[in-house]
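# Descriptive analysis of the structure
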Amino acid sequence: MAVGSMVCVQLGLAIAVTLIEDIGVEGVAWLRLAWAGILFLILVRPRRAAFSRTSFGMCVLLGVVTAAITLLFMAALDRIPLGTASALEFLGPLGVAVARGRGGGRWLWPGLAGAGVVLLTQPWTGTVDPVGVGYALGAAACWGGYILLTQRVGDEVAGINGLAVSMPVAGLVATLTVGPAVLDRMTPQILVVGLGLAILLPMVPFALELLALRRLTTAAFGTLMSLEPALATLIGFAVLHQVPGRWGLLGVVLVVGAGIGAARAGARSAPVPYEVG
């Protein structure tokens, strides 16, 4: 499920790139979150019985953090290279993997994954903008919080009802933050493309991640996320014929190995959601 989420993310990013010229990075971020929030509300129709007061509050907080990840990362991309931004953002899941890990793999798998991501992204090849770095580090902190909150919501709320609250909240936060600046750029065609984009990124990935975090520890999941830049490299080779260098290939090997090791050691017992228990 985690790997399926990453595939959807990469396909969604490919579509998003085609829209950036027309509506800017903040417009793409808003379009994704707004559509996702509307679709989750319509399709899931969350019921009051599915939530306790605490779990509902966690869902709202998850929505705020989700919006922050998207907006901060897109703002970082406007100032620093994608490789640099990706490497910095991965510090969030890596920090969760180290902080929540247990046993000998606590440092081994995250360490291998971190080294692999650095080799894949090679952030030293780009120009560093301190404001862009700040945005990327903010996205990293939010991503770490997103992992912890998503597991908490998945544990306490049955099905994907939690996302039917968190995603509309994320869409509302994005609208209040950047909506006035981007609404006049929208056309009927862009809105239709944005509908498909929201399904690929973030609807399907976030649903798969919530389900995956019911079965994996946060440490294993945080390390497993390192597969995303490796997957992007492989897709670039297969679809776009972008041949990675030797350091990139070594990075792929390291993160794949770390992901396999973390996943094998990261199973957890399934909790009983509030609605069922």
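Residues numbered from 1 in each chain as written. Predicted model: local features only at pLDDT ≥ 70, side-chain atom pairs only at ≥ 80, totals over all residues. Heavy atoms only, no water.

### Thoughts on helix H7 (residues 163-182)
Across its 20 residues, H7 extends only 25 Å between first and last C-alpha, which sits more than 12% below the 28 Å expected from 1.5 Å per residue. Maximal helix bending in H7 amounts to about 55 degrees, located at Leu176; proline Pro180 follows within four positions. (Helix = DSSP H or I, 4+ residues; strand = E, 2+ residues; numbered from the N terminus. Expected span 1.5 Å × (residues − 1). Bend = angle between axes of the 7 residues up to and from the residue.)

### Comments concerning the environment of Thr218
In this structure, Thr218 sits in helix H9 (residues 218-224). When residues no more than four places from it in sequence are discounted, the contact partners of Thr218 are Val96, Arg100, Ile147, Leu148, Gln151 and Leu213. (Contact = heavy atoms within 4.5 Å.)

### A word on the packing of aromatic side chains
A complete count under the given rule lists 1 aromatic pair for this structure. Between the aromatic rings of Phe51 and Phe56, the centroid separation amounts to 5.8 Å while the plane-to-plane angle is 90 degrees, which identifies the pairing as edge-to-face. On the accessibility criterion, Phe51 (4% relative accessible area) is buried. (Phe/Tyr/Trp six-rings, centres within 6.5 Å; stacked < 30°, edge-to-face > 60°. Buried < 20%, exposed > 50% of the residue type's maximum accessible area, 1.4 Å probe, protein only.)

### Some thoughts on the confidence of the model for the protein chain
The predicted model of the protein chain averages 79 in pLDDT, with 74% of residues at 70 or higher. Across the protein chain, the element-wise mean pLDDT spans from 65 in helix H10 (residues 227-239) up to 93 in H7. Of the regions scoring below 50 in pLDDT, residues 272-277 engages in 20 contacts with residues more than four places distant in sequence or in other chains. (pLDDT = per-residue confidence, 0-100.)

### Some points on the nonpolar core
The biggest cluster of nonpolar side chains holds 55 residues, and the ones touching the most others in it are Trp30 and Tyr146. Among the elements of the structure, helix H1 (2-44), helix H2 (53-77), helix H4 (91-100), helix H5 (105-121), helix H6 (130-156), H7 and helix H8 (188-213) are those that each provide at least two residues to this core. Here this core takes 12 residues from H1, the largest share from any one element. Ignoring anything within four residues of it in the chain, the contact list for Trp30 reads Ala174, Thr175, Val178, Gly179, Val182, Leu183 and Met186. Membership of the second largest hydrophobic core comes to 8 residues, among which are Ile80, Leu88, Val133 and Ala139. (Core = buried A, V, L, I, M, F, W, Y, C linked by side-chain atoms within 4.5 Å.)

### A look at a nonpolar patch on the surface
Judged by side-chain polarity, Ile38, Leu41, Ile42 and Leu43 come together as a nonpolar surface patch covering roughly 400 Å² of accessible area. Relative to the helices and strands, Ile42 is located in helix H1. (Patch = residues over 30% accessible without salt bridge, like charges linked within 9 Å, V, L, I, M, F, W, Y side chains within 5 Å. Areas by Shrake-Rupley, 256 points an atom, 1.4 Å probe, with all protein chains shown as cover. Salt bridge = Lys/Arg side-chain N within 4 Å of Asp/Glu carboxyl O.)

### A word on the packing of H6 against H8
Packing of H6 against H8 leaves a shortest axis separation of 8 Å and a crossing angle of 70 degrees. The angle between H6 and H8 falls in the class roughly perpendicular. Of the residues in H8, those touching H6 at Tyr146, Ile147, Thr150, Gln151, Val153 and Gly154 are Phe206, Glu209, Leu210 and Leu213. Broken down by class, the residue content of the contact of H6 with H8 amounts to 6 nonpolar, 3 polar and 1 charged. (Axes fitted to C-alpha atoms, helices over the stretch in contact; angles between N-to-C directions. Parallel < 35°, antiparallel > 145°, perpendicular 65-115°, else oblique. Nonpolar A, V, L, I, M, F, W, Y, C, P; charged D, E, K, R; others polar.)

### Considerations on the environment of Leu72
Considering the arrangement of structural elements, one finds Leu72 in helix H2. For Leu72, the contacting residues outside a window of four places in its chain are Tyr135, Gly138, Ala139 and Cys142.

### Remarks on unusual backbone geometry
Of note, Arg45 is a non-glycine position whose phi angle comes to about 50 degrees, a positive value. Topologically, Arg45 is positioned in the loop between H1 and H2. Residue Arg45 is classed as exposed on the basis of its relative accessible area, which comes to 63%.

### Some thoughts on the pattern of salt bridges
Tallied over the full model, the rule gives 2 salt bridges. The shortest N-O distance in the salt bridge between Arg152 and Glu156 comes to 2.6 Å. Linking Arg152 with Glu156, this pair stays in helix H6, spanning 4 residues, or about one helical turn. For Arg152, a relative accessible area of 36% puts it in the partly exposed group.

### Side note on the side chain of Arg32
Checked against the element boundaries, Arg32 lands in helix H1. Assessed through its relative accessible area of 8%, Arg32 is described here as buried. Other than its neighbours up to four places away in sequence, Arg32 contacts Thr70, Met74, Leu197, Ala198, Leu201 and Pro202.

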